[in-house]
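This is what each chain is made of:
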Amino acid sequence: KEGSTEDLSQLKAKPKELSVIDGRRAQNCTILLSKLKMSNEELKLVVLSMDDDEEITADMVEQLLKYVPLPDEIQLLSSHKDEIDKMARADRFLCEMSKIEHYGQRIAVLFYKKRFEERVSECRPKVEAIFRASREVGRSTRLRRLLEVVLAFGNYMNRGARSNAFGNRFLISFHVGRVSWYGVAGFKISSL
């Protein structure tokens, strides 16, 4: 009997929190917010400043992407905005973040910003390999000779045509990795 009266007194002492969002989503959001160890105001400043001070990690921003307020949640939260002090932690967070203009887009851009250097470093070897390959193609005398043969063959095949068009010159120039040739009736044809 004694334990049950204590439980009742604790229930009366602790006011019930208002929660209008899905229970599982609210629970997961609360777990994320406890890992961040920041108030809603601090998070708001981080989002608005695009995290210039590097206060949160890319992984945390990725998690925040999952908790962008949905339109129906915004509608529910706005109908209870005068009771914000009674709201559960996740509901208060979603309510505060819904007040930031383009919050979802801001978080997405912040995530892109956080991962940018990593993505560049992943792409760099591939881009360098393409540049090396294009330099080799430009220096290749065998490829040049092969393309001259293809051009000569094309000219031979076109001789019987009514237009009597033919190419007379082949040039490979690698200022920007461009292959050019002077083909039909002297028109310059370029391709990448």
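Residues numbered from 1 in each chain as written. Predicted model: local features only at pLDDT ≥ 70, side-chain atom pairs only at ≥ 80, totals over all residues. Heavy atoms only, no water.

A. Representation of the overall build of the protein chain within the structure. Counting secondary structure elements, the protein chain contains eight helices and three strands. Helices (α) and strands (β) of the protein chain occur, in sequence order from the N terminus, as α-α-α-α-α-α-α-α-β-β-β. When each of the 192 residues of the protein chain is scored for burial, the buried share is 27%. Here the analysis covers contacts within the protein chain between residues at least 6 apart in sequence; of these, 59% occur between residues at least 24 apart. Total accessible area computed for the protein chain in this model is approximately 14000 Å², and 56% of it derives from carbon and sulfur atoms. (Helix = DSSP H or I, 4+ residues; strand = E, 2+ residues; numbered from the N terminus. Buried < 20%, exposed > 50% of the residue type's maximum accessible area, 1.4 Å probe, protein only. Contact = heavy atoms within 4.5 Å. Areas by Shrake-Rupley, 256 points an atom, 1.4 Å probe, with all protein chains shown as cover.)

B. Broad picture of the side chain of K44. Summarising the element assignment, K44 is placed in helix α3 (residues 40-48). Buried charge without a partner: K44 forms no salt bridge, and the closest opposite charge is E96, 4.1 Å away. For K44, the contacting residues outside a window of four places in its chain are E96, M97 and I100. (Lys, Arg positive; Asp, Glu negative; His and termini not counted. Salt bridge = Lys/Arg side-chain N within 4 Å of Asp/Glu carboxyl O.)

C. Examining the pattern of salt bridges more closely. Using the criterion set out here, one finds 10 salt bridges in the structure. Among the salt bridges present, the one from E73 reaches R25, with a minimum N-O distance of 2.6 Å. Of this pair, E73 sits in helix α5 (residues 71-79) while R25 is found in helix α2 (residues 23-36), placing the two residues 48 residues apart along the sequence. Judged on exposure class, the residue E73 and its partner R25 are both buried. Between K114 and E54 there is a salt bridge, and its shortest N-O distance comes to 3.2 Å. Placement of K114 in helix α7 (residues 103-139) and of E54 in the loop between α3 and α4 (58-65) is noted, with a sequence separation of 60 residues between them. The buried category is assigned to K114, whose relative accessible area is 18%. On the basis of relative accessible area, E54 is assigned to the exposed category, the value being 55%. The network of salt bridges with shared partners includes D59, E62, R115 and E118.

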